[in-house]
Amino acid sequence: MSAGATPEAYAGRRVVPSILSADFSQLGAQVDEVLNAGARVIHVDVMDGHFVPPITIGPLVAASIADRVHAAGGAIDVHMMTERPELQIEEFARAGADSITFHAEATAHANRTLNAIREAGCLAGIALNPGTPAHAVSELTGVADLILCMSVNPGWGGQPFIAGSPDKLRRLAELHPEALLEVDGGIDPQTAGLVADAGATLFVAGSAIFGEPDPAQAYRDIVAAAGAR
């Protein structure tokens, strides 16, 4: 991991606010609000307009919040929804990323990319779209530090939770018992308990936090539902 983060940031169950749904005119203040409420992992959704239709943010935005997140004992969790993710690893590591996750569907060289992320000093993660079976990452046990299960189709916040996601999480937990198991999409107080029971340890929530009038309280509500810290 990079020098800014500590393993404690990822320990146990953690609700992970996604800045994709934040008000970017107040990004620093909104990040501080959830950090003060107890968040320790901040999710940065990177979209390139190719792997998924939208274009979102890059290393400059990650770098703009990295110091304040690290000062709180937290970590920057980068999720690359991009083609050729291996080309951006060094830039995000320099920007302060502590974990970098790419999509299994985006490269034919998952093993190489995971190792490159580790060599850059970050936790290495691999994500699966809803239509990609759990066994697609069965050969990466011991290489991936983090497995991300998409519980919506990637590209936009605010989508409804895909009902079959807990079953897929259970399969992933069996394949990768030592890895962090992250879930992303449609996570709110109604779904957090379902994925917690299925083995998830990191719960990404965007619109369910930053789309609410009181993001700090919305964060706490999901923490309670997930049995998180």
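Calculation notes
- As a convention, each chain's residues are numbered from 1 in the sequence order in which they are written.
- The predicted nature of this model means local features are confined to residues of pLDDT at least 70 and side-chain atom pairs, given and counted, to a pLDDT of 80 or more, with totals for whole chains, interfaces and linings taken over all residues.
- As a rule here, side-chain values come from all non-hydrogen atoms in the structure, and water together with hydrogens is ignored.
- Under the DSSP-based scheme used, a helix requires at least four consecutive residues in state H or I and a strand at least two consecutive residues in state E, with every element numbered from the N terminus.
- Here the globule rule is a power law, 2.2 Å times the number of residues to the power 0.38, and the radius of gyration is based on C-alpha atoms.
- Residue burial is assigned from relative accessible area. The probe radius is 1.4 Å, only protein chains are included, and a residue is buried under 20% of its type maximum, exposed over 50%, and partly exposed in between.
- We call two residues contacting when some pair of their heavy atoms lies within 4.5 Å.
- Reported accessibility uses the Shrake-Rupley method at a 1.4 Å probe radius. Residues are deemed covered only where the shown protein chains occlude them.
- For the purposes of these results, a polar contact is taken to be a pair of N or O atoms within 3.5 Å, where, inside protein, one atom must be able to donate a hydrogen and its partner to accept one; residues adjacent in sequence count only when each atom of the pair is a side-chain atom.
- We call two strands paired when DSSP finds no fewer than two bridges between them.
- Here, axes are lines fitted to C-alpha atoms. For helices the fit covers the stretch in contact, and angles between N-to-C directions go from 0 to 180 degrees.
- Here the word oblique covers every angle except those under 35 degrees (roughly parallel), over 145 (roughly antiparallel) and from 65 to 115 (roughly perpendicular).
- Each crossing is labelled by how the near helix is turned from the far one, with a counterclockwise turn of less than a right angle marking it left-handed and a clockwise turn marking it right-handed.
- By the convention adopted, Pro, Cys, Tyr, Trp, Phe, Met, Ile, Leu, Val and Ala count as nonpolar, Lys, Arg, Asp and Glu as charged, and the other residues, Gly among them, as polar.
- Within this document, salt bridges are pairs made up of a side-chain nitrogen of Lys or Arg and a carboxyl oxygen of Asp or Glu, the two lying within 4 Å of each other.

If you tally the helices and strands in the chain, you get 8 helices and 8 strands. In terms of overall dimensions, the chain is globule-like: its C-alpha atoms have a radius of gyration of 16 Å, near the 17 Å expected for 229 residues. Projected onto the principal axes, the alpha-carbon positions of the chain cover approximately 40 × 35 × 35 Å. The buried share among the 229 residues of the chain stands at 55%. Sequence separation of at least 24 residues holds for 65% of the intrachain contacts in the chain that already meet a minimum separation of 6. By element, 51% of the accessible surface of the chain is carried by carbon and sulfur atoms, the whole surface being about 9200 Å².

Moving on to the side chain of threonine 107. For threonine 107, the position within the fold is in the loop between β4 (99–103) and α4 (110–119). One polar contact links the side chain of threonine 107 to the main-chain amide nitrogen of histidine 109, over a distance of 3.0 Å. Not counting the four nearest positions on each side in its chain, threonine 107 is found in contact with Pro85, Glu86, Phe102 and Thr113.

Right, let's talk about the pairing of strand β7 (residues 180–184) for a bit. Extensive coverage of β7 is indicated by the burial of 5 of its 5 residues. Residues Leu180, Glu182 and Asp184 line one face of β7 and the alternating positions Leu181 and Val183 line the opposite face, and both faces are buried. The pairing of strand β6 (residues 146–150) with β7 spans 5 bridges and is classified as parallel. Pairing of cysteine 149 across the sheet is with valine 183, part of β7.

Looking now at the packing of helix α1 (residues 27–36) against helix α2 (residues 59–71). In the contact formed by α1 and α2, the axes pass within 10 Å of each other and the chain directions differ by 40°. By the angle between their directions, the pair α1 and α2 is classed as oblique. Regarding α1 and α2, the two cross each other, and that crossing is right-handed. For the pair α1 and α2, contact is made by Leu27, Gly28, Val31, Asp32 and Leu35 and by Val61, Ser64, Ile65, Arg68 and Val69, respectively. Along the lines of polarity and charge, the residues of the contact of α1 with α2 split into 6 nonpolar, 2 polar and 2 charged.

Pairs may arise between side chains of opposite charge once their charged atoms sit close together. Here the structure, examined in full by the defined rule, presents 6 salt bridges. With a closest N to O distance of 3.8 Å, arginine 14 and glutamate 8 form a salt bridge. The class of arginine 14 is buried, set by a relative accessible area of 5%. Taking the relative accessible area as the measure of exposure, glutamate 8 reaches 41% and is therefore partly exposed. When the shortest N-O distance is used, the salt bridge between glutamate 91 and arginine 94 registers 2.6 Å. Of this pair, glutamate 91 and arginine 94 both sit in helix α3 (residues 89–95), 3 residues apart, which is roughly one turn of that helix. Taken together, the shared-partner salt bridges connect Glu8, Arg14 and Arg229 into one network.

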